[in-house]
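# Structural characterization, general
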Amino acid sequence: MAPFGLYIQLFSIHGLIRGESPELGRDADTGGQVKYVLELAKCLGEHPAVAQVDLITRLIQDKTVSDIYSQQIEPLSEKARIVRIQCGGRRYIRKELLWPHLDEFVDKTLKFIKVDVGRIPDLFHGHYADGGYVARELASIFGAPFLFTGHSMGRHKKNKLLDQGLADEEINRRYFIDRRIGVEEEVLKDADRIITSTADEIDKQYALYDNCSGASFRIIPPGIDVDTFHPYYYGQLNAESESEACRQARLLLLNELNRFWVSPDKPFILALCRPDHRKNIKGLITAYAEDKELQAIANLAIFAGIRKDIGQMEENERNVLTEMLLLMDRYDLYGKLAIPKKHDFTTEVPELYRLCASSHGVFVNPALVEPFGLTLIEAASCGLPIVATNDGGPNDIVGNCQNGILIDPSNTGEIAEACRKILIDREVWDTYSRCGINGVRTHYVWKVHCDHTVELIEEVRAEMPDLADQGLFSPLGIGFGRLLTKVKHLVITDIDNTLVGDDESLGEFLEILSKNRDKIGWGVATGRCLRRVMEALAENRVPPPDILISSVGTEIYYGSELLPDNGWSRHISYKWKPEQIMETLDKLDFLYDQKEEEQRDFKVSYIMEDDPELLARVHQVLQDRKLSYHLQFSNSQFLDILPFRASKGKAVRYLSYKWEFPLKSIMVCGDSGNDEEMLRGVTCGVVVGNYSKELEQLRGLRRMYFSKKEYAAGIIDGIKHYRFLEE
Ligand code: GLC
Ligand code: MG
């Protein structure tokens, strides 16, 4: 990676993404967003201020899709690439089923950042709710800013489905929509900026959210390819410059149109849309049909998708097309209205706009609702003036480009009037045409989009607190991820009778940490629940650690913000059935429940007499019910039942895996039986001088140091013993 410039990670997790001939429209998850993020990644990669762009998506290894989706890295250009991260198995699954696997995605991306890249991204940018979730998690881990682009929003979709008569329950069963909405609320609350394509998107979609008012938006429309949609006069000025494919497409179109028109030399009014009643084709035909002058000036051409047999089509489409034919007949528009049956989108559409522009015609989008209005931008780019609905996106387009007239789509007189104005006055036509061509190049090209995005990134980075000052004892405590990717050693200490117990050596230990924050990270691991950890730290005036492992290893938190490690919760939740465990153990009359506050999501705790036979009974009843668990008995009285994947030692191992921290670089310190499991193994073990007798059995093990010093003085002694302060 280039040493200078921004390192940006984009997240677009679902669907199928590849650089070579992307499979747009293959399924509901592989559509416009895929094209958007690919263009964005490539174009950001061209920006001089950018060192590297990683477009991160899910790795898929599945016979039903191409092999390329299982390739971990796919270069897009010199500074841009696709990075694939596996989560939730390897099969291709629809986006709604990915929710439970996103924490796995976060953890593996973390590892990728630490091991493969070795550099912390300057910015995370999430696309769609799932990408937003991942970007938000990573941004909080690294104390970096994050941007969000929703593409579409759950509440809006839910309302539409409710309108269609679907029940709440059914919507959630199919789409897990409430979960999505919950994530979107969180993302809106925390994103440094939200990028939308139009103002309409904010009003109609984001406004439905509780956290909308506090969110900060920036409208940056996406771009189009202006080479494909070049102005109509290129060919006129330099016939040589035109490709053969362009000429052939034009010929095909002319032949097709001329089948319908008696006077093909007139200018024509063009509409291009899917046959959907919301596109209001009826409004346009009626406007034309009821205005005799307009009919005298111009022909009309409506390209409404591809059709073979209207009778075979789906209801909405069939109704729209049938209505179109009936209107043609009712108003007797034979010879004037062209309704071609098919066209080829990639080659013919740009040529169609140019053909219409060459005739000095006009492009009309009379839709009742229009969130964005891509065809208007493409038409404008070719030099075609526009008449467009005053709903949604077109407001922005005409506002930016001044290249046409906005109309009320329900007012047919207004549509006809607007068309006439443009068609009869060559000066007006020329101005709109020129403004469209120039306006698109100023507002709707990817390069401009990326220039604005990079400016925005610089803006949010400038708002971040100075990260150089952040670290172990910062009051903000953000960016522990940054710290953990930087330090070489980690010290994990038990609290009671290890960290605390002797004020003087505790003070010295904290002093050592604060002087060496670039070398040593620090965590605590304890049986206490979170609230009681905070209580102990406050009592002893200990600042928040970088890592906090509480409730006997079942919970992990980071930094002073106490960011929970959701990946860990997910990991240990496997086969954990606390209700059944409680139900089973309630029958044993020698067990006494611990306080309510000590009963946690992943920890069921009792008090019992120190008697091996009773302990055997506990195992017996749990095993009889075939329950998975990890049992821990300590201090001759505490009985903890945990998920079988959890313990203080396993939490430390998980951290080692997740942060790619070699176990040998982690020092663990304790004093009693419940530290034993954490102390064993290849980590650097330290037993403080005031240890309880049950640890005696660890003596003589490799990498197990029995300090003669007590409490925190023992920890300091261990740091020296393992030479953690030396380079
Ligand atoms: C702490 C906890 C308690 C647990 C014990 C042993 O004292 O508060 O719930 O049983 O540690 O792990
Ligand atoms: Mg202890």
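Residues numbered from 1 in each chain as written. Chains lettered and ligands numbered in written order. Predicted model: local features only at pLDDT ≥ 70, side-chain atom pairs only at ≥ 80, totals over all residues. Heavy atoms only, no water.

Before going further, it helps to spend a moment on the sheet that holds strand β6 (residues 146–149). Taken together, eight strands build an open sheet; the order of strands is β3-β4-β2-β1-β5-β6-β7-β8 and the sheet is mixed. Taken across any chain shown, the strands that pair with only one partner, and hence form the sheet edges, are β3 (73–75) and β8 (217–219). Ignoring which end each strand starts from, the neighbouring axes of this sheet average 25 degrees apart. Pairing of strand β2 (residues 50–58) with strand β4 (residues 80–85) involves six bridges; the strand directions are parallel. (Pairing = 2+ DSSP bridges. Helix = DSSP H or I, 4+ residues; strand = E, 2+ residues; numbered from the N terminus. Axes fitted to C-alpha atoms, helices over the stretch in contact; angles between N-to-C directions.)

With that settled, the discussion passes to the site of ligand 1. Every residue lining ligand 1 is accounted for by Gly527, Arg528, Arg532, Val552, Gln594, Glu598, Lys603, Ser634, Phe638, Asp640 and Asn674. Note that an oxygen atom of ligand 1 is positioned 2.6 Å from one of the side-chain N or O atoms of Gln594. Lys603 is positioned with one of its side-chain polar atoms (N or O) 2.8 Å from an oxygen atom of ligand 1. Relative to its unbound accessible area of 310 Å², ligand 1 is 90% covered by the protein chains. Of the residues assigned to the shell around ligand 1, the class counts are two nonpolar, four polar and five charged. (Near = heavy atom within 4 Å. Polar contact = N/O pair within 3.5 Å; in protein donor to acceptor, adjacent residues only side chain to side chain. Areas by Shrake-Rupley, 256 points an atom, 1.4 Å probe, with all protein chains shown as cover. Nonpolar A, V, L, I, M, F, W, Y, C, P; charged D, E, K, R; others polar.)

Next up on the list: the coordination of the magnesium ion (ligand 2). Coordination sphere of the magnesium ion (ligand 2), protein contribution only: Asp494 (OD), Asp496 (O) and Asp671 (OD), at 2.0 to 2.3 Å. For Asp496, a relative accessible area of 28% translates into the label partly exposed. (Donors = N, O, S within 2.8 Å, 3.2 Å for Na, K, Ca; no water. Buried < 20%, exposed > 50% of the residue type's maximum accessible area, 1.4 Å probe, protein only.)

Each α-helix turn comprises 3.6 residues. Residues three or four places apart therefore point the same way. Most of helix α10 (residues 281–289) is tucked away: eight of the nine residues are buried. Looking at α10, one finds that the buried residues are Ile281, Gly283, Leu284, Ile285, Thr286, Ala287, Tyr288 and Ala289.

Turning next to the environment of Arg307. Examined against the element boundaries, Arg307 turns out to sit in the loop between β10 (299–303) and α12 (315–330). Measuring from C-alpha to C-alpha, the distance between Arg307 and Lys341 comes to 5.6 Å, with 34 residues separating the pair along the chain. When sequence neighbours within four positions are dropped, the list of residues in contact with Arg307 reads Met313, Leu321, Met324, Ile339, Pro340 and Lys341. Within the local environment of Arg307, its side chain forms a polar contact with the backbone oxygen of Ile339, the two atoms lying 2.7 Å apart. (Contact = heavy atoms within 4.5 Å.)

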